Amino acid sequence: MKKVQVIDSHTGGEPTRVVIGGGPDLGGGSAADKLKVFRERHDDFRRAVVNEPRGSDVLVGALLVEPADMSCVTGVIYFDNVTFLGMCGHGTIGLVVTLAHLGRIHPGEHRIETPVGVVTVVLHADGSVSLTNIPAYRKAKGATIDVPGLGKITGDVAWGGNWFFLVEQHGLALDLANVEKLTDASWRMRQAANAQGFPEVDHIVLLGRSRREETLTQIRNQSEPPHVGSYPVKMVSQNFVLCPGKAYDRSPCGTGTSARLACLAADGRLAEGEALVQESIVGTHFIGSFRWLDRAAGKIIPNITGMAHVTAEATLFLDEHDPFCWGIKQ
């Protein structure tokens, strides 16, 4: 019976399962090289860790790997119930808190190698984490797609570590009680976007005004630690994010917030030195800001700050006599 050691956490309500032992041998090379081996030879392990009966549709896995860049504290490969992810913002925040829980890192700056590049994180003394993500940019502004049952929907296509279709005008109530309708509409949008010129899109973001705008602004300006309190709030918004496996993100989504920052920067709606407070559908929030990397090309370096909490240490048992040893396939 194979044993796999994991540590679970949640970031703003969104769970991350970090595999710290018992993972497959992916050989040498970079995290991108290891992802290729993982995808081609060990997809059953992905299913076993995050799919039912051990996991759930909402769970994101993170496999620790040896980094090729030795300035990094670790390498990591992220995955969910249907696929592998280039980068995961909430997962990185959860990973940092997990490494601190293990005593492998302490407050300060650290580098982490992902399949899409090296990201820098700061673990603060209060336990919060700031993530400096890979470059983000908008690919298409105001792309209109024809969505069955919804009509014409216009949104931006942007990269923040994953590909997003971000929609502000959708006519739907961003409320936890409305999750089924939001999920159905977002899934229709994704299928339409994939069929109508944007096959790379695998996340949908529905945006709206936060009903807690005043409260969140006060929290941000008065109660947050000094490391995130230096930027004045320019904007507070709420989102609903549908992930590739049709589960909605309980957190505000780190890569989605990065893509949102790229769109706001390109439109001049948010400037360097200003903060976005991004609220999730369950009421948690990230704080986002950016610096320009290449203004002419519309590329920014996003910074996302959030909190994560360790929830469990566990050993998974993989028994090949179990008909669902490798998870229930999607």
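Each remark here, short or long, concerns the structure printed above.
Residues numbered from 1 in each chain as written. Predicted model: local features only at pLDDT ≥ 70, side-chain atom pairs only at ≥ 80, totals over all residues. Heavy atoms only, no water.

Undergrad: How should the pattern of salt bridges be read in this particular structure?
TA: A side chain of one charge can pair with a side chain of the opposite charge if their charged atoms are brought near each other. In this structure the tally under the stated criterion is 12 salt bridges. Across the pair Arg138 and Asp267 runs a salt bridge whose closest N-O atoms are separated by 2.9 Å. With Arg138 in strand E9 (residues 137-147) and Asp267 in the loop between helix H7 (254-266) and strand E14 (275-279), this residue pair connects regions lying 129 residues apart in the sequence. Three or more residues joined by partner-sharing salt bridges are found here, namely Arg138, Lys141, Asp156 and Asp267. (Salt bridge = Lys/Arg side-chain N within 4 Å of Asp/Glu carboxyl O. Helix = DSSP H or I, 4+ residues; strand = E, 2+ residues; numbered from the N terminus.)

Undergrad: Where do I start with helix H4 (residues 179-195) in this structure?
TA: For H4, spanning 17 residues, the distance from its first C-alpha to its last is 24 Å, which sits close to the expected 24 Å at 1.5 Å a residue. Here H4 has its buried residues at Val179, Leu182, Thr183, Ala185, Ser186, Met189, Arg190, Ala192 and Ala193. Buried positions along H4 lie against E9, strand E10 (151-159), strand E11 (163-167), strand E12 (203-209) and strand E13 (233-242). Directly after H4, the chain includes Gly197, whose backbone phi takes a positive value near 110 degrees. (Expected span 1.5 Å × (residues − 1). Buried < 20%, exposed > 50% of the residue type's maximum accessible area, 1.4 Å probe, protein only. Contact = heavy atoms within 4.5 Å.)

Undergrad: Any chance you could explain the nonpolar core here in plain terms?
TA: In summary, soluble globular proteins display a tendency toward joint burial of nonpolar side chains. The biggest cluster of nonpolar side chains holds 61 residues, and the ones touching the most others in it are Tyr78, Leu95, Phe165, Met189, Leu206, Phe240 and Ile300. For this core, the element with the most residues is H4, which contributes six residues. If you look at the next biggest cluster of nonpolar residues, it comprises 20 residues, including Leu35, Phe38, Ala48 and Leu63. (Core = buried A, V, L, I, M, F, W, Y, C linked by side-chain atoms within 4.5 Å.)

Undergrad: What's the story with the packing of aromatic side chains in this structure? I'm lost.
TA: Each aromatic ring pair is described using two quantities: the centre-to-centre distance and the angle formed by the ring planes. The final tally for this structure, using the stated rule, is eight aromatic pairs. Geometrically, the ring pair formed by Phe240 and Tyr248 is stacked, given 5.8 Å between the ring centres and 25 degrees between the ring planes. Comparing Phe240 with Tyr248 shows no difference in burial state: the two are buried. In textbook terms, an aromatic cluster arises when at least three aromatic residues are bridged by ring pairs, as seen for Phe38, Phe45, Phe79 and Phe84. Above the ring of Phe84, the side-chain terminus of Arg46 is found at 6.0 Å from the ring centroid. Sitting over the ring of Tyr248, Arg250 keeps its end group 3.8 Å from the ring centre. (Phe/Tyr/Trp six-rings, centres within 6.5 Å; stacked < 30°, edge-to-face > 60°. Lys NZ or Arg CZ within 6 Å of the ring centre and 35° of its normal.)

Undergrad: Hey, could you run me through the state of the cysteines in this one?
TA: The bond known as a disulfide is covalent and runs between the sulfur atoms of two cysteines. This model, assessed by the stated rule, comprises zero disulfides. Of all cysteine sulfurs, the one in Cys253 lies closest to Cys88, which takes part in no disulfide; the gap is 7.2 Å. Cys88 sits in the buried class, given a relative accessible area of 7%. (Disulfide = S-S within 2.5 Å.)

Undergrad: Honestly, the environment of Leu182 in this entry has me stumped. Any pointers?
TA: Tracing the chain through its elements places Leu182 in helix H4. The class of Leu182 is buried, set by a relative accessible area of 0%. For Leu182 and Arg250, which are 68 residues apart along the polypeptide, the C-alpha to C-alpha distance reads 13 Å. When sequence neighbours within four positions are dropped, the list of residues in contact with Leu182 reads Leu172, Ala173, Leu174, Asp175, Leu206, Phe240 and Ile281.

Undergrad: Explain the side chain of Arg54 to me, please; I cannot follow it from the model alone.
TA: On the secondary structure map, Arg54 appears in the loop between helix H2 (43-50) and strand E3 (60-65). Although buried, Arg54 forms no salt bridge, and the nearest oppositely charged side chain, Asp322, lies 4.2 Å from it. Among the polar contacts listed, one links the side chain of Arg54 to the backbone oxygen of Ala48, at a separation of 3.4 Å. Aside from chain neighbours lying at most four places away, what touches Arg54 is Arg17, Ala48, Leu316, Phe317, Leu318, Asp322, Phe324, Cys325 and Gly327. (Lys, Arg positive; Asp, Glu negative; His and termini not counted. Polar contact = N/O pair within 3.5 Å; in protein donor to acceptor, adjacent residues only side chain to side chain.)

Undergrad: Explain the packing of helix H1 (residues 31-41) against H2 to me, please; I cannot follow it from the model alone.
TA: Two quantities define a packed helix pair, namely the angle between the axes and the distance from one axis to the other. Where H1 meets H2, the axes come as close as 5 Å, and the angle between the chain directions of the two elements is 85 degrees. With respect to H2, the element H1 is oriented roughly perpendicular. The residues of H2 that touch H1, namely those facing Phe38, Arg39 and Arg41, are Asp43, Asp44, Phe45 and Arg46. Residues that form the contact of H1 with H2 fall into these classes: two nonpolar, no polar and five charged. (Axes fitted to C-alpha atoms, helices over the stretch in contact; angles between N-to-C directions. Parallel < 35°, antiparallel > 145°, perpendicular 65-115°, else oblique. Nonpolar A, V, L, I, M, F, W, Y, C, P; charged D, E, K, R; others polar.)

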